[in-house]
Amino acid sequence: MTKHTPFSVSRRRALAGAAAIAVAGAPAILRAQATAGRLVIVGGGFGGASAARAARERFPAVAVTLIEPAASFTTCPYGNLLIAGRYSDTSPITFGYDKLIARGVAKVTDTAVEIDSAKKTVRTSGGQTIAYDRLIVSPGIDLKWNAIKGYDEAASAAMPHCWKPSLQPVTALTDKLKAMPDGGVFIMSAPPNPFRCPPGPYERASMVAEYFKKAKPKSKILILDSKDGFSKQPLFLAAWKQLYGDMIEWVSSNNEGRVVAVDPASMTVETEFGKKHKGDVINIIPPQQAAKIARDSGLTGGGDWAAIDTRSFESKAARDVFVIGDANAAPPMPKSGFVANNTAMRAVAVAGAQMTGGTPPKALYFNTCYSHVGDNYGISVVGIYRPNADGSKIDEAPNSGGISAREATADIRAGEATYADGWYRSITDYMFG
Amino acid sequence: MRRWLILVVLSLAPVAAGSAAAQTPPVAANGCLMCHGVNGQGANGIPAIMRVQSRADFTATMKLFAENKKPGTIMGRISRGYTDEDIAELSAWFAKP
C-alpha cells in the first residue's frame, strides 16, 4: 500500500504543474485547459506512444499521462537489420519522448506496478500513485523463463533471446555472430503461437543469412520451430532458396523441431524426443505472455493474455481500463507494432468519447507487416478487420488482405523493401516525431 | 501579464477546438497514414495521397486496385477490405476539395 491517499497526490501535482505552466508560456496553457478527464497510459511502446499522440491531437481537453520507465524506446521492428550489418548500432532505431512531451504529454519516468481499478489509480515502483478517469494499458510481453527447461535470464546471456530490446538489445546477438568462425552453426528456437511479431523469427533468420552470405558463407542456419507453420511461410521458403541456397534449414514441430531444454554450458539444445543439437550461436525465442502488470492486476484472469471487448479494447476484467498491443488476446490480428498503433487509435477514440461526451466512430482495424528477406527483397502481409456485433471476436474483411504474391518480379520485391522503410519512417514519426 | 495570458487563452481556445475536429481523420485513414506519412505526404517512395487526386479519381484508383487492374504491391489487398462507405470517407479526407 502507498503512504499517500491516492487522489490528493496527483491533484496536488496537477495544480502545482498548472501553476508552473501558466507563467511559462502559451503552449502550456493549452495543457492547463485539459480538464475533460485524465487519460493515463501504461507503457511507451508502439501502443502507448501512439495512444499518447492520438489523445493529444484528437482530444486536446483530455490530460494525458504516460508512465514509462525508460528514457528512450528502441523498436523491435528493424532490429533484425542490425544483424545483417545494415546498421552498426541501435541509434537509428531508438527514439526519445521529447516530442510527445512537447505535445503536452506528461511523462512519468517510473515503472507501473499495480492497477487499482476500484480506486482508479496506478501505483509505481517509485511510490507514486496516479489517478485516472480512463486507463490504457500497453505493457507488452514478458518472456516465460523456464518454459524451456534451463532457459532462464542467466542462460540468456549465453543464448540470447533479443526479443525484448529493453531487456536485451539485438546487439547481444550481433556480437556473438561476429565472433563466430566461418562454417559455424546458428540455431534459432522459434516460439509457439501466439507471440510478438509472428514473421519476426523468420526475418531474423533471413538477416543472419544475409550476413553469413557476405561474411561467413560456409555457415549454416537451423531453425527449430515449436509450430508446424509460420507467417508468410511460402514466401520465406522460396526466397531463402533463391537468395541463400541451402544455408537455412527449417524444422517443423512435427519433425521434432520443438526445443524443450537447453544447456548453455555445452551450447546444446534438446528437442521433444531427446535429439540434441549443438550450435555456435544459439538464439532462443521463448514462449511469451502478457507483461507482469497486466497479470498482477488481474487483467489476464490467470491466463497469459488480457481478454478485451473487440469493439473497444476495453478490458473484460476491469471497468474503464483498455488493453492494447501485444498484451491482449485479439486473434486473428497479429501481435504487431502496426496493430498496437491501430488499436491505440481505437482505444483513444472510445476513451476520449467517454470522457468528453461524444460518440466514437465505427470500428475498423488494420495491419501491415513487412519483412526484409534480403538485399532489395521485401515481403508483406496485410489484414483488415472488424469486430463482431457483441465484441466477442474479430473477423477479417472477406477477400482482402493476405501475403504478397507468390510469383513476383524483382521490382515488386524491391518495392516492398523500399516501402517497408517508408512504413518504419512513418509510424515512428507518428509515435516520436 | 495577466491580461496577456487571458488574451492568449481566448485566442488559442477556438483554434484548439477547431483543430481537434480537423485532426481526426476517418477511421480507415489510420491505416493509410502509418505508411503514407502522418499527413499523407508520402514516405520513402510510398506515394503522397493528401490533396493529390480529385474525389472521383481517388475513388476510381481504389476501385482499380481492388479489381487488380492497377499494378501495385499491397494496395489491392488493402482496398478490397474497405466498404464503399469507407472509400467515400477516405476520398473526402484525402482528395482535393
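Residues numbered from 1 in each chain as written. Chains lettered and ligands numbered in written order. Predicted model: local features only at pLDDT ≥ 70, side-chain atom pairs only at ≥ 80, totals over all residues. Heavy atoms only, no water.

> Give a description of the sheet that holds strand β2 (residues 62-67) of chain A that names residues and reports values.
All names here are of chain A. Reading across the sheet, the five strands line up as β5-β2-β1-β9-β20 and stay open at both edges, with parallel pairing between neighbours. Bordering the open sheet on either side are β5 (106-108) and β20 (321-323), each of which pairs with just one other strand. Taking each pair of neighbouring strands and ignoring which way they run, the sheet shows an average axis angle of 20°. As judged from the six bridges shared by strand β1 (residues 37-42) and β2, these two strands associate in the parallel manner. Within β2, the position partnered with Leu39 by the bridge is Val64. (Pairing = 2+ DSSP bridges. Helix = DSSP H or I, 4+ residues; strand = E, 2+ residues; numbered from the N terminus. Axes fitted to C-alpha atoms, helices over the stretch in contact; angles between N-to-C directions.)

> So what's going on with the interface of chain A and chain B? Which residues, and what values?
If you look at the interface, chain A gives 45 residues, while chain B gives 38 residues. It is A:Arg58, A:Lys362 and A:Tyr419 in chain A that bury the most area against chain B; as a group they hold 18% of the surface buried on that side. Taken together, the links from chain A to chain B amount to five salt bridges. Residue assignment for the side of chain A that touches chain B shows that the elements contributing at least two residues are α1 (6-24), α2 (26-32), α3 (46-58), α11 (337-356), β22 (365-374), β23 (377-387), β25 (402-403) and α12 (410-432) of chain A. (Contact = heavy atoms within 4.5 Å. Buried area = accessible area lost by both parts, 1.4 Å probe. Salt bridge = Lys/Arg side-chain N within 4 Å of Asp/Glu carboxyl O.)

> Please give an account of the packing of aromatic side chains that cites residues and values.
Residue and element names in this part refer to chain A. What the rule picks out here adds up to 18 aromatic pairs over all chains. Ring plane angle 25° and centroid distance 4.4 Å describe the contact between Tyr78 and Tyr424, whose orientation is recorded as stacked. Taken together, the positions of Tyr78 in the loop between β3 (72-74) and α4 (80-83) and Tyr424 in helix α12 put the pair 346 residues apart, joining distant regions of the chain. Overall, the relative accessible area of 5% leaves Tyr78 in the buried class. (Phe/Tyr/Trp six-rings, centres within 6.5 Å; stacked < 30°, edge-to-face > 60°. Buried < 20%, exposed > 50% of the residue type's maximum accessible area, 1.4 Å probe, protein only.)

> I'd like a description of unusual backbone geometry, backed by residues and values.
All names here are of chain A. Of note, the amide linkage connecting Asn193 to Pro194 takes the cis form, showing an omega dihedral of -10°. For Cys162, which is not glycine, the phi dihedral falls at a positive 50°. You can see Cys162 is positioned in the loop between α6 (155-158) and α7 (171-179). Unusually for a residue other than glycine, Asp320 sits at a positive phi of about 65°. Inspection of the secondary structure puts Asp320 in the loop between β19 (306-307) and β20.

> Give me the lowdown on the packing of α11(A) against helix α2 (residues 29-36) of chain B, citing residues and values where you can.
The N-to-C vectors of α11(A) and α2(B) enclose an angle of 135°; their axes lie 10 Å apart at closest approach. Considering their axes alone, α11(A) and α2(B) lie oblique with respect to each other. As for the relative orientation of α11(A) and α2(B), their crossing is right-handed in sense. Facing A:Phe338, A:Asn341, A:Asn342 and A:Met345 of α11(A), the residues of α2(B) in contact are B:Asn30, B:Gly31, B:Met34 and B:Cys35. Here the contact of α11(A) with α2(B) is built from residues that sort into four nonpolar, four polar and no charged. (Parallel < 35°, antiparallel > 145°, perpendicular 65-115°, else oblique. Left-handed = near helix turned anticlockwise from the far one by under 90°. Nonpolar A, V, L, I, M, F, W, Y, C, P; charged D, E, K, R; others polar.)

> Give me the domain arrangement of chain A: which residues, what numbers.
Residues and elements named next belong to chain A. Assigned domains within chain A: domain 1 (9-140 + 291-360) and domain 2 (149-286). Placing a centre on the C-alpha atoms of domain 1 and another on those of domain 2 gives a separation of 33 Å. Contacts between the two partners involve 16 residues from domain 1, matched on the other side by 20 residues from domain 2. Looking at the side of domain 1 facing domain 2, the largest losses of area belong to Asn80, Ile83 and Lys335, adding up to 40% of the total buried there. Where Arg86 meets Glu210, a salt bridge forms, and the shortest distance between an N and an O atom there is 2.8 Å. At the boundary of domain 1 and domain 2, one finds seven residue pairs in polar contact (both at pLDDT 80 or more). (Domains from an automatic or database assignment. Polar contact = N/O pair within 3.5 Å; in protein donor to acceptor, adjacent residues only side chain to side chain.)

> Report on the sheet that holds strand β7 (residues 121-124) of chain A, specifying residues and quantitative values.
Residues and elements named next belong to chain A. A sheet is described by the order of its strands in space; here three strands give the open sequence β6-β7-β8, paired in antiparallel fashion. Among the strands making up the open sheet, the edge pair consists of β6 (112-116) and β8 (129-131). When strand polarity is set aside, the average angle formed by the axes of neighbouring strands in this sheet is 25°. Of the strand pairs in this sheet, β7 and β8 are connected by three bridges, and their pairing is antiparallel. Within β8, the position partnered with Thr121 by the bridge is Ala131.

> Requested: an account of the nonpolar core, with residues and values cited.
Judged by nonpolar contacts, the single largest core of 135 residues is most densely connected at A:Ile221, A:Ile223, A:Trp240 and B:Tyr82. The element best represented in this core is α11(A), accounting for 10 residues. Counting only domains with at least three residues in this core, you end up with domain 1 (9-140 + 291-360) and domain 2 (149-286) of chain A. In this structure A:Ile221 touches A:Phe186, A:Ala205, A:Val208, A:Ala209, A:Phe212, A:Met247, A:Ile248 and A:Glu249, once residues within four positions along its chain are discounted. Residues A:Tyr151, A:Met159, A:Val259 and A:Ile284 belong to the second largest nonpolar core, which totals 14 residues. (Core = buried A, V, L, I, M, F, W, Y, C linked by side-chain atoms within 4.5 Å.)

> So what's going on with the pattern of salt bridges? Which residues, and what values?
Two side chains carrying opposite charge are able to pair once their charged atoms lie near each other. Summed over all chains, the structure comprises 25 salt bridges over all chains. Taken together, the shared-partner salt bridges connect A:Lys362, A:Arg386, B:Glu85, B:Asp86 and B:Glu89 into one network.

> Residue-level account of empty space enclosed by the protein, with values.
All names here are of chain A. Per the counting criterion, the structure on display carries one cavity of 30 Å³ or more. If you add up the space inside the largest cavity, you get close to 80 Å³. Around the largest cavity, the lining comprises 13 residues; the ones closest to its centre are Gly325, Asn328, Ala330, Pro334 and Val339. Considering every element that reaches the lining of the largest cavity, the biggest residue donor is α11, with three residues. Considering only residue class, the lining of the largest cavity consists of seven nonpolar, four polar and two charged. (1 Å grid on protein atoms, 1.4 Å probe; cavity = no way out; pocket = protein on both sides within 12 Å on 5 of 7 lines; lining within 4 Å. Points joined across faces, edges and corners; volume = space filled by probe spheres on them.)

> Account for α7(A), naming residues and giving values.
Residue and element names in this part refer to chain A. What α7 keeps buried is the set Leu173, Thr174 and Leu177. The arc that holds every buried residue of α7, seen down its axis, measures 95°, which confines them to one face. Of the exposed residues in α7, those oriented more than 90 degrees away from the buried face are Lys178 and Ala179. As for α7, its buried residues are in contact with α4, β11 (185-190), α8 (200-215) and β17 (281-284). (Arc of directions from axis to C-beta.)

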